[in-house]
Amino acid sequence: MSLLVVGLSHRSAPVSVLERASLNQDARIKLAQDTVAAEPAAEAAVLATCNRIELYADVDKFHAGVAELSTLLAQHSGVGLEELTPYLYVHYEDRAVHHLFSVACGLDSMVVGEGQILGQIKDSLARAQEMHTAGRLLNDLFQQALRVGKRAHSETGIDRAGQSLVTFGLEQLALGTAVESWARDKKALVIGAGSMSSLAAATLARSGVAEIVVANRTQERAERLAQILTEGDDTDVRARAIPMDAVADELTRADVVVSCTGATGLVLTADVIAAGVESRTGEPPATEPVPGAEAVPPPTSVGTEEGCPLDLSAVQPGFSVMGEAAVAGMDAATLEQHAAWVAGGTVDRREAGRRGPEADAELIGALAATVSSAGRIPELRRPEPVAEPPRPEPVLFLLDLAMPRDIDAAVHRLAGVRLVDIESLAEASADAPMAADVDQVRRIVSDEVAAFGAAQRAAHITPTVVALRTMAADVVAGEIARLEGRLPGLDDKHRAEITQTVRRVVDKLLHAPTVRVKQLAAEPGGAGYADALRTLFDLDPETVASVSRAEESTEKNPENRGPA
């Protein structure tokens, strides 16, 4: 097996490069045909989606194959090879199988577990079969990838990942209210037309929103998603598409915004969101303190009241003199002065200043013991707690499902806006329910890769075994013909019995070696057993090659095979 894949995806390349390198249907067909016509490749198939472009091939030379496939990708995509090369990845043999199986299971998708990729793999195989560019290896590989993907979805909960993320995000926006009740009759703006955005739009449509507006960099994709939503049998939502430059205007009408694009920068800034809120409320939204940030405490009289022995000059710059931070930058003698003054006693600072390190250590130890039992350093006057003003009800709900983020995190501070993003979803979730499913799918992929490799290695020796048995059958036929010449009076019954006996002897002699050689060939490093078998039995290389060509012809022309 010499499987090679060269490609680029959302994991290796920015969206701008993926968009420029995208291939239409005709370009994909031409790329596969040109790959097979190239010297290193015998088979080829193209897997192209909105987030990836991959060229699979059966090659006889690794380095020549990488160079040829990379060059062909650059030529057909229109992106220069020098510009494209830094974003390309290469997988070979078992690693290439592992990659495709992971893709089929949704592990390599932007939305982990999405099932749309299975249909795209099926279409890629169908095109390669129609163009006769897929032989035995790629037929086996892609068909097995489809089976592995279906197994992952049926045996694990991996397909719930995208759905659970969208649903959980909408539940966070609804603040405990049922999503259907919260979403009813709202106007939604969906930015992006990929798998996650499409899932969010469909979920909103089923939840009862009155209208969905789709914005996308590619207008055709936005229009296609809007059409799908409008024609859906299970909803009666109104849907329309707008260009990206109309998003700011649409924010003045939308109640809910869901954004999931592949942009590397912000799609919605805090200023744009603030302008949208202002157009609805008539006044700019207030900017609230950053969540979690502590308010500056009110002034305290520690160190300023008459008679207080606390020497503020001893406090290092930047330290507070209140609460737990009161000990910062002060020696034990000063702390003792302050404690005695608070308790109503007096301490001679001059005497305290003559204390040695041992006394300081003793005082600090006592202070530490007090802290461990009381939980804090006593202070003269504690600041009154500052009551936070109630946050106004949101008029705009934002769900950012992109990574990196589409919506400025500063929007969290805008009054009248509720933003839920990947970071806040992670904080709101106490556990990671999908982690176990992902691990289970990874184990399935590893097992299936090992099984596929063993099957391919075993299949590699099949033409040699077939040629061996063909040679044995020819020997039997020749010996029976010779026997008939020497015993012309042999009747049909005895001739048939002798023929059957000779064939049984040959079959029994060949059975154990051929079964064992298939087992050995299936193990790693077992490719050499086919060569050994050909050498030991002096098999005609052309006979073996003709068997291989017959098998490959059947694989490249599936209609020649019998019913599955």
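Because the structure is predicted, anything quoted here is derived from the model rather than measured.

Rules of the game
- Residues numbered from 1 in each chain as written.
- Predicted model: local features only at pLDDT ≥ 70, side-chain atom pairs only at ≥ 80, totals over all residues.
- Heavy atoms only, no water.
- Helix = DSSP H or I, 4+ residues; strand = E, 2+ residues; numbered from the N terminus.
- Buried < 20%, exposed > 50% of the residue type's maximum accessible area, 1.4 Å probe, protein only.
- Areas by Shrake-Rupley, 256 points an atom, 1.4 Å probe, with all protein chains shown as cover.
- UniProt positions renumbered as here; feature names shortened; annotations may be inferred.
- Pairing = 2+ DSSP bridges.
- Axes fitted to C-alpha atoms, helices over the stretch in contact; angles between N-to-C directions.
- Contact = heavy atoms within 4.5 Å.
- Polar contact = N/O pair within 3.5 Å; in protein donor to acceptor, adjacent residues only side chain to side chain.
- Phe/Tyr/Trp six-rings, centres within 6.5 Å; stacked < 30°, edge-to-face > 60°.
- Salt bridge = Lys/Arg side-chain N within 4 Å of Asp/Glu carboxyl O.
- Expected span 1.5 Å × (residues − 1).
- Arc of directions from axis to C-beta.
- Core = buried A, V, L, I, M, F, W, Y, C linked by side-chain atoms within 4.5 Å.

(A) A look at the overall build of the protein chain. Scanning the protein chain for helices and strands turns up 21 helices and 10 strands. With 564 residues in all, the protein chain has 41% of them scored as buried. A total accessible area of about 29300 Å² is found for the protein chain, and carbon and sulfur atoms account for 54% of it.

(B) Main features of the UniProt feature "binding site: substrate" (unreviewed entry) in the protein chain. The positions that UniProt labels "binding site: substrate" (unreviewed entry) are, in the present scheme, Thr-49, Cys-50, Asn-51, Arg-52, Ser-109, Glu-114, Gly-115, Gln-116 and Gln-120. When you line up the elements, Gly-115 lands in the loop between α5 (94–105) and α6 (116–130). On the accessibility criterion, Gly-115 (39% relative accessible area) is partly exposed. Position of Gln-116 relative to the elements: it lies in helix α6.

(C) Structural context of the sheet that holds strand β9 (residues 396–400). Strand order in the open sheet formed by six strands is β7-β6-β5-β8-β9-β10, and the pairing between neighbours is parallel. Of all strands in the sheet, those bounded by a partner on one side alone are β7 (238–242) and β10 (417–421). Taking each pair of neighbouring strands and ignoring which way they run, the sheet shows an average axis angle of 15°. Sheet topology places strand β5 (residues 187–191) next to strand β8 (residues 256–259); four bridges connect them, and they run parallel. Paired with Val-190 across the bridge in β8 is Val-258. Its contacts with the sheet place helix α10 (residues 195–207) against β5, β6 (211–215) and β8, and it is angled at close to 170° to β5. Strand contacts of helix α11 (residues 219–231): β6 and β7, with the helix running at about 180° to β7, the strand carrying the most contacts.

(D) Layout of unusual backbone geometry. Phi is positive for Glu-93, which is not a glycine, with a value near 50°. Following the sequence through the fold, Glu-93 ends up in the loop between β4 (89–92) and α5. Take Glu-93: its relative accessible area is 30%, and that puts it in the partly exposed class.

(E) How the structure looks around the side chain of Thr-156. On the secondary structure map, Thr-156 appears in the loop between α7 (136–155) and α8 (160–174). Within polar-contact distance, the side chain of Thr-156 engages the backbone oxygen of Ala-152 at 2.6 Å. Among the polar contacts made by the side chain of Thr-156, one reaches the main-chain amide nitrogen of Ile-158 at a distance of 3.2 Å. When sequence neighbours within four positions are dropped, the list of residues in contact with Thr-156 reads Arg-151, Asp-437, Gln-440, Val-441 and Ile-444.

(F) Highlighting the packing of aromatic side chains. Evaluated as defined, the whole model comprises four aromatic pairs. With 5.9 Å between their ring centres and 80° between their planes, Phe-101 and Phe-452 make a pair best called edge-to-face. One end of the pair, Phe-101, is in helix α5; the other, Phe-452, is in helix α18 (residues 433–486), with 351 residues separating them in the sequence. Phe-452 matches Phe-101 in its accessibility class, with the two residues each being buried. Summarising the aromatic geometry, the rings of Trp-182 and Phe-397 are spaced 5.2 Å apart at their centres and angled 85° between planes, so their arrangement reads as edge-to-face. With Trp-182 in helix α9 (residues 179–183) and Phe-397 in strand β9, the pair connects residues that are 215 residues apart, well separated along the chain. Here Trp-182 and Phe-397 have matching classes, each one buried.

(G) Quick peek at the pattern of salt bridges. Summed over all chains, the structure comprises 19 salt bridges. Across the salt bridge formed by Glu-250 and Arg-240, the nearest N and O atoms sit 2.9 Å from each other. You can see Glu-250 sitting in helix α12 (residues 247–250) and its partner Arg-240 sitting in strand β7, a full 10 residues away along the chain. Classification of Glu-250 as buried rests on a relative accessible area of 5%. As a salt-bridge pair, Arg-253 and Glu-250 come within 3.0 Å of each other at their nearest N and O atoms.

(H) Region of the structure containing helix α2 (residues 25–37). For α2, spanning 13 residues, the distance from its first C-alpha to its last is 19 Å, which sits close to the expected 18 Å at 1.5 Å a residue. Within α2, the full set of buried residues consists of Ala-27, Arg-28, Leu-31, Ala-32 and Thr-35. Buried residues in α2, looked at end-on, bunch into an arc of 135°, giving them a common side. Those residues of α2 that are exposed and angled more than 90 degrees off the buried face are Asp-26 and Ala-37. Against the buried residues of α2 lie β2 (41–48), β3 (52–59), α3 (62–77) and α6. If you check the start of α2, you find a side-chain oxygen 3.3 Å away from the backbone N of Asp-26, and it comes from Asn-24.

(I) Expanded view of the UniProt feature "binding site: NADP(+)" (unreviewed entry) in the protein chain. UniProt's entry tags Gly-192, Ala-193, Gly-194, Ser-195, Met-196 and Ser-197 with the feature "binding site: NADP(+)" (unreviewed entry), counted in the numbering of this structure. Relative to the elements of secondary structure, Met-196 occurs in helix α10. With a relative accessible area of 5%, Met-196 lands in the buried category. Inspection of the secondary structure assignment puts Ser-197 in helix α10.

(J) Examining the nonpolar core more closely. The biggest cluster of nonpolar side chains holds 34 residues, and the ones touching the most others in it are Tyr-56, Phe-101, Ile-121, Leu-141 and Phe-142. In contact with Leu-141, not counting residues within four places along its chain, are Leu-3, Tyr-56, Val-97, Leu-100, Phe-101 and Phe-452. Among the nonpolar cores identified, the runner-up in size contains 32 residues, and Leu-170, Ala-200, Ala-239 and Cys-260 belong to it.

(K) Broad picture of the sheet that holds β2. Strand order across the open sheet formed by four strands is β2-β3-β1-β4, with antiparallel pairing between neighbours. Among the strands making up the open sheet, the edge pair consists of β2 and β4. Adjacent strand axes in the sheet meet at a mean angle of 15° when their direction is disregarded. Of the strand pairs in this sheet, β2 and β3 are connected by seven bridges, and their pairing is antiparallel.

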